[in-house]
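Here is what each chain is made of, one letter per residue.
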Amino acid sequence: MTVGNTYYVRVYTYSSGYYANYDICVGTPPPPPSNDECANATALTINSPASCNIVTHGYTDGATASSQTNPCSGTADDDVWYTFTATSTTLDLSLLNITGSSTDMYFAVYSGNNCNNLTNILCSDPNSARLSGLTVGNKYYVRVYTYYSGDYANFDICLSVTPPPPANDECINAIHLTVNSDQNCGTVVHGSISDATASSQEISPCYGTADDDIWYSFMA
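Residues numbered from 1 in each chain as written. Predicted model: local features only at pLDDT ≥ 70, side-chain atom pairs only at ≥ 80, totals over all residues. Heavy atoms only, no water.

**As for the sheet that holds strand β4 (residues 80-85)**
Phase 1: Read across the sheet, five strands follow the order β1-β4-β9-β6-β7 without closing on themselves; strand pairing throughout is mixed. Each having just a single partner strand, β1 (42-43) and β7 (119-124) make up the two edges of the open sheet.
Phase 2: Of the pairings in the sheet, the one linking β4 to strand β9 (residues 139-146) comprises six bridges and is antiparallel in character. Note that in β9 the partner of Y82 across the bridge is V142. (Pairing = 2+ DSSP bridges. Helix = DSSP H or I, 4+ residues; strand = E, 2+ residues; numbered from the N terminus.)

Below, the structure is given as structure tokens:
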């Protein structure tokens, strides 16, 4: 629109023969968020492993499209920007407490020392992703937006250090299992593959992707 020009609004019922009473309002959209552009990216706090004690609140209402090329999916016409300096080679990033006209969010992560020299390293439609292969001390940028054009969202963004792998992540640290005297399994060992990593041992005889394998041993 052009400031100072007059515009007209035509209102009517959809079908012939109907009538309606209503209120009409013209409002001014909110100003763009302070981190609407990459150059004003908000710094994120990196939490301790598996923790989101400190989150950064964000919103896309009023945000505008940025000049940076978007190699990811979705329509980044309401993108907002964040930045962090890696303290670990692997970090977990999550969008939490999403509300607004849509909860379908998207985020992209870039490496680069400034907004004019960005290299995309991750695109994520899920609201959480593990950022791997980071270089400690290097600067990274996060671009957050709603997937579809015309939507807006409020959210919290969390960045945390990845928890350490399980104690039996590698074969050399396999946990010894007790062999029960019957089939009732009176003695069991609890396990978790959360944050486990791939092992070097050959697994070609079996199916699946053993990128989160853990190990046990027993004496027959």
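After presenting the structure, the write-up continues.
**Things to note about unusual backbone geometry**
Phase 1: Of note in this structure, C185 is not a glycine but carries a positive phi near 55°.
Phase 2: Note on placement: C185 falls in the loop between β11 (175-176) and β12 (216-217).
Phase 3: Judged by its relative accessible area of 48%, C185 falls in the partly exposed class.
Phase 4: Here the phi dihedral of D195 falls at roughly 70°; this positive angle occurs in a residue that is not glycine.
Phase 5: Tracing the backbone shows D195 in the loop between β11 and β12.
Phase 6: Accessibility expressed as a relative area gives 17% for D195, which makes it buried. (Buried < 20%, exposed > 50% of the residue type's maximum accessible area, 1.4 Å probe, protein only.)

**Quick look at the state of the cysteines**
Phase 1: Under the criterion given, the structure shown has three disulfides.
Phase 2: Note that C72 is cross-linked by a disulfide to C123, the S-S spacing being 1.9 Å. Handedness here is read from the sign of the S-S torsion; for C72 and C123, about -70°, the answer is left-handed. Of this pair, C72 sits in the loop between β3 (56-59) and β4 while C123 sits in strand β7, and the two are 51 residues apart along the sequence.
Phase 3: Of the residues examined, C123 reaches a relative accessible area of 33% and is grouped as partly exposed.
Phase 4: Here C206 is not disulfide-linked; the sulfur of C171 is the nearest cysteine sulfur, at 14 Å. (Disulfide = S-S within 2.5 Å.)

**Overview of the environment of A129**
Phase 1: Along the polypeptide, A129 turns up in strand β8 (residues 128-131).
Phase 2: Those residues in contact with A129, other than ones at most four positions away along the chain, are L91, D92, L93, F107, L122 and S124. (Contact = heavy atoms within 4.5 Å.)

**Comments concerning the nonpolar core**
Phase 1: F84, F107, V142, V144, F155 and I157 are the most contacted members of the largest nonpolar core, which totals 25 residues.
Phase 2: Of all the elements in the fold, those that place two or more residues in this core are β4, β5 (91-100), β6 (105-111), β8, β9 and β10 (153-161).
Phase 3: Sort the elements by how many residues they give to this core and β10 lands first, with five residues.
Phase 4: Apart from residues lying up to four places away in sequence, V144 is in contact with T60, D78, D79, V80, Y82, L95, M105, Y106, F107, F155 and I157.
Phase 5: If you look at the next biggest cluster of nonpolar residues, it comprises 11 residues, including C38, A76, W81 and A108. (Core = buried A, V, L, I, M, F, W, Y, C linked by side-chain atoms within 4.5 Å.)

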